[in-house]
Amino acid sequence: MGTLHLCRHPLVADALALLRDRDCPPEAFRRQLRRLALVLGQEAAAGLRTTPIEVRTPLAPCRGERLAGRLALVPVLRAGLGLVEGLLDLLPEAEVWHLGLFRDEATLEPVEYYSRLGGSPPPGDAFLLDPMLATGGTAVAAVAALRRWGVERIRFVGVLGAPAGVEALQRHDPGVEIHLAALDPELDERGYILPGLGDAGDRQYRTGS
Ligand code: URA
């Protein structure tokens, strides 16, 4: 079963409470998302592999370690964009591959509208970024796209999940590590997480009604 990691860090709790607040304006929402990405990203990166190297300090040679292999951040457009900068602060040499998926409001099924994945050899590690793991449909479609590309190790990094979404992703691909700030109890009839934080894209980009 893909492991679910819920981050108990007080900074995450603090950022999450601000994100949930319906009066949090878009600029503050984006700032808190980035802050949260920094902490969640550190936890998610803890298992990355390193390779030994020789370094020369100004005084003497010594041994060090660098992150091994190519690494990709894959934000799901558009809400996943809000997690990219925080992750890039931690992993400045990561590649960023965008994946466009929207949820058909009638069927709640994901529809892919943008992908450049697959054009070159796959990175060994991918961090799939989407703040909300609601029904799991989008995450399952994104993970399937990454596996078709040949990515070996996938970490899902998000803010909130619902049990249905976590179970769907774990059932689809038990190899994916799931990192979230919290798990909320349920979904509403539109597939939104309750109590959640609303539409994570609209709240970042001031596009809600
Ligand atoms: N997408 C969102 O932005 N919010 C939800 O609650 C579910 C999916």
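An account of the accompanying structure is given in this report. Residues take numbers from 1 onward in each chain, read along the sequence in its written order. Totals for whole chains, interfaces and linings use every residue, but because this is a predicted model, local features are given only for residues with pLDDT of at least 70 and side-chain atom pairs only at 80 or more, for both listing and counting. As a convention, hydrogens and water are excluded, and side-chain values are obtained from all of the structure's heavy atoms.

### Some thoughts on the packing of aromatic side chains
When the centres of two rings from Phe, Tyr and Trp lie within 6.5 Å, Trp using its six-membered ring, the rings pair. Their planes under 30 degrees apart give stacked, over 60 give edge-to-face, and anything left gives tilted. One pass over the structure, following the stated rule, counts two aromatic pairs. With a centroid separation of 4.7 Å and 65° between ring planes, the pair formed by Trp97 and Trp149 is classed as edge-to-face. One end of the pair, Trp97, is in the loop between β5 (95-96) and β6 (99-103); the other, Trp149, is in helix α4 (residues 137-149), and 52 residues separate them in sequence. Comparing Trp97 with Trp149, the two get one shared label, buried. A ring pair is formed by Phe102 and Tyr113, whose centres lie 5.9 Å apart and whose planes are at 40°; its orientation type is tilted. For helices the rule is a DSSP run of H or I covering at least 4 residues; for strands it is a run of E covering at least 2, with both sets numbered from the N terminus onward. Here the term buried applies to any residue with accessible area under 20% of the maximum for its type, exposed to any over 50%, and partly exposed to those in between, with areas from a 1.4 Å probe on protein chains only.

### Some details on the site of the ligand
One heavy atom suffices: a residue is near a molecule or strand as soon as one of its heavy atoms comes within 4 Å of it. Residues in close proximity to the ligand include Arg103, Met132, Ala134, Gly191, Tyr192, Ile193, Gly198, Asp199 and Ala200, which together make up its full environment. Pairs of N or O atoms within 3.5 Å make up the polar contacts considered here, provided that, within protein, one atom can donate a hydrogen while the other can accept it, and that residues adjacent in sequence are counted only when both atoms are side-chain atoms. Here Gly198 contributes a backbone N or O atom positioned 2.8 Å from a nitrogen atom of the ligand. Surface burial for the ligand is 87%, taken as the share of its 230 Å² of free accessible area covered by protein chains. Lining residues are defined by having an atom within 4 Å of a point belonging to a cavity or pocket. Those points lie on a 1 Å grid over the protein atoms alone, cavities being sets where a 1.4 Å probe fits but cannot get out and pockets being open sets with protein on both sides within 12 Å along at least five of seven lines. Pocket or cavity membership: a molecule qualifies when more than half of its atoms sit within 2 Å of the grid points of that site. Counting atoms within 2 Å of the grid points, the majority share of the ligand lands in the largest pocket. Polar here means any residue outside two lists: the nonpolar Ala, Val, Leu, Ile, Met, Phe, Trp, Tyr, Cys and Pro, and the charged Asp, Glu, Lys and Arg; Gly therefore counts as polar. Residue composition of the shell around the ligand, grouped by class: five nonpolar, two polar and two charged. Each accessible area is a Shrake-Rupley result for a 1.4 Å probe, and residues are judged covered by the shown protein chains and nothing else.

### Observations regarding helix α5 (residues 163-172)
Among the residues making up α5, those that are buried are Gly165, Val166, Ala168, Leu169 and Gln170. Working rule for contacts: check all heavy atoms of both residues, and any pair within 4.5 Å makes them a contact. Buried residues along α5 sit against β1 (4-6), β9 (132-133), α4, β10 (153-157), β12 (177-180) and β13 (182-183).

### Brief notes about the nonpolar core
Nonpolar side chains in soluble globular proteins tend to end up buried together. Throughout this description, the term nonpolar core refers to a set of buried Ala, Val, Leu, Ile, Met, Phe, Trp, Tyr and Cys residues connected via side-chain atoms within 4.5 Å. One finds Leu36, Phe127 and Val159 to be the most contacted residues of the largest nonpolar core, which totals 37 residues. Sorting the residues of this core by element identifies α1 (10-20), α2 (26-45), β4 (71-77), α3 (84-90) and β8 (125-129) as the ones contributing at least two each. In terms of residue count, α2 provides more of this core than any other element does, nine residues in total. For Phe127, the residues in contact, after removing those within four places along its chain, are Gly41, Ala44, Ala45, Leu48, Leu71, Ala72, Leu73, Val74, Leu87, Leu91, Arg155 and Val157. Ranked by size, the runner-up nonpolar core spans 24 residues in total, among them Ala72, Ala139, Phe156 and Val176.

### Brief notes about α1
Of the positions making up α1, those classed as buried are Val12, Ala15, Leu16 and Leu19. Looking down the long axis of α1, one finds its buried residues gathered within 100° of arc, a one-sided arrangement. Packing partners of the buried residues in α1 comprise α2, β11 (160-161), β13 and α6 (200-205). Working definition: the arc comes from the directions between the helix axis and the C-beta atoms, pointing outward to the latter.

### Thoughts on the packing of α1 against α2
To obtain an axis, a line is fitted to C-alpha atoms, over the contacting stretch when the element is a helix, and the angle between two such axes runs from 0 to 180 degrees between their N-to-C directions. Packing of α1 against α2 brings their axes to within 9 Å, and their N-to-C directions diverge by 155°. Classified by the angle between their axes, α1 and α2 sit roughly antiparallel to one another. For the crossing formed where α1 meets α2, the hand is left-handed. For the pair α1 and α2, contact is made by Leu11, Val12, Asp14, Ala15, Leu16, Leu18 and Leu19 and by Phe29, Gln32, Leu33, Arg35, Leu36 and Val39, respectively. Looking at the contact of α1 with α2, its residues break down into 10 nonpolar, one polar and two charged. For classification purposes, an angle smaller than 35 degrees is called roughly parallel, one larger than 145 roughly antiparallel, one from 65 to 115 roughly perpendicular, and anything else oblique. By definition, turning the near helix anticlockwise from the far helix through less than a right angle yields a left-handed crossing, and turning it clockwise yields a right-handed one.

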